[in-house]
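Structure assessment
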Amino acid sequence: MSFKVTFWRFVRRNIGDQRLICNGGDSSDSLAENQQRPTGMGTYRRLTKVVVCLLPLLLLILLLSTAKDQNAITQIPRVGKVLCVNSKLAVDPPVADGLIMQKDVRASQWKTFNSTSQKGLTDRRIVFHETSGTNELTFRQCCAVESAAKNNPERPVQLFLRPLFIPCHEHLSYHPSDLFHKPLWLDILSNYPNVEAILLNEEHYFAGTPLQSWYDAGKWRKTRHETVHFSDYIRFLTLHKGGGLYLDTDVLTLRPLQGDKFRNFLSYDNVAMDGISSGVLHMEAGHWLATAMMRLLAEEYDPTEFAFHGSEAISSLMHKSCGMQEGDPKSNACKDIHLLPSRCFFPIKKLLAVEKLDRARVMSLKGPGILTRLNNSYGVHTWNIMRNDPGDLANNPSVFGSLAQIHCPMSVARASEFLN
């Protein structure tokens, strides 16, 4: 029953036709009645009229002020900086490394995350960083995280995301923190209990580390390579703070990543073994190589360089510290870090990735051969160059699409809902 109907039923039941009094009635009759009554009685009647006329209005104001929508947003006054989740949702920065985002929990009630509280989990965790500042995942990125979680149910998977680049706090005098946050990717990944999506509190995360001065100086914010450079730097900070197995968000996991093979390792990114990738690596918490990489990156930052701070930097450090020579994995003198062949995670060359993953059909002459090669791999780096529209996967049985249907089925089932 609507509020309007209920209200007017109440008025008719309790006030009846007293509305005629409010309208004045017949003035001559009213005058005659007043002349026949004592002065006190006339005053009492006038007061009664006022109360009766105002009663419906007072009741309406009271009911409207106390009526509450269960989905109403609690507006919290903005004080200082906030972490922007999206253009309509912001939260106060916690005294912690970040907040664990949950789709069924209001943002104001998200639990805090600290790397120092992850003892017993850190070396086993699989880590992803999304550093674009959109606080969103593309289909390929969501598929990558899902494939790692699906193939490694016993390992925690942590996805770190930067707050939204758009300065929502500059446009809102209040920020709603009691909204639910239910983006498509979070809805999908929430089906895996071993996945945590963490909204980073960057200033707290970098504070007191060898990269704090680099972060605070902010030169990286002014370069066109901002997203890439931030990604290159923060992955080593994460491994230094808590350890774990880092994967780029364009690595599709094909098999469980278990055993000592996947502990304290680096990987070649090509058959010639002339370069080490920084896109797939594991280091235990506090490993000297992560610390050395942070110091090198802090000292040698070049805003104009695109690739130096990743693969080139770690290859250079391994040559200097461990005597590693190009093409010779046995030249590595460091016994606490080992090298994996490119077939483990880089079975497809970058220049051939589109042809062999995106364009090659499973039923074509090339398809079976590519899939056979991938049978010996634990993951496949897709080089961030998938060209097919996510919604076309079902109707376009490419090699990548076929692998995705197996290793990230929930992402594939909702592929048409992704924008990219």
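A brief structural summary. (Residues numbered from 1 in each chain as written. Predicted model: local features only at pLDDT ≥ 70, side-chain atom pairs only at ≥ 80, totals over all residues. Heavy atoms only, no water.)

One pass over the structure, following the stated rule, counts 18 aromatic pairs. Taking the centre distance of 5.8 Å and the plane angle of 50 degrees together, the rings of phenylalanine 206 and phenylalanine 230 count as tilted. With phenylalanine 206 in helix H7 (residues 202-206) and phenylalanine 230 in helix H9 (residues 226-242), this pair connects stretches of sequence that are 24 residues apart. There is no split in this pair, since phenylalanine 206 and phenylalanine 230 are both buried. For the ring pair phenylalanine 265 and phenylalanine 345, a centre distance of 6.2 Å and an interplane angle of 5 degrees mean the geometry is stacked. Residue phenylalanine 265 is located in strand S12 (residues 265-268), and its partner phenylalanine 345 is located in the loop between strand S14 (338-340) and helix H12 (353-359); the two are separated by 80 residues in the primary sequence. With relative accessibility at 0%, the residue phenylalanine 265 sits in the buried group. Each member of the aromatic cluster is reached from another via a ring pair, and the members are Phe113, Phe160, Tyr205, Phe206, Trp214, Tyr215, Trp220, Phe230, Tyr233 and Tyr301. The cationic tip of arginine 162 hangs over the ring face of phenylalanine 230; the distance from NZ or CZ to the ring centre is 3.9 Å. Its end group placed over the ring of tyrosine 378, arginine 255 keeps NZ or CZ at 4.2 Å from the ring centre. (Phe/Tyr/Trp six-rings, centres within 6.5 Å; stacked < 30°, edge-to-face > 60°. Helix = DSSP H or I, 4+ residues; strand = E, 2+ residues; numbered from the N terminus. Buried < 20%, exposed > 50% of the residue type's maximum accessible area, 1.4 Å probe, protein only. Lys NZ or Arg CZ within 6 Å of the ring centre and 35° of its normal.)

So, on to the environment of leucine 184. Along the chain, leucine 184 falls in helix H6 (residues 184-189). Under the relative-accessibility criterion, leucine 184 is labelled buried at 19%. A sequence separation of 46 residues divides leucine 184 from threonine 138, and the C-alpha atoms of the two residues are 9.7 Å apart. If we skip the residues at most four places from it in the chain, leucine 184 touches Arg414, Glu417 and Phe418. (Contact = heavy atoms within 4.5 Å.)

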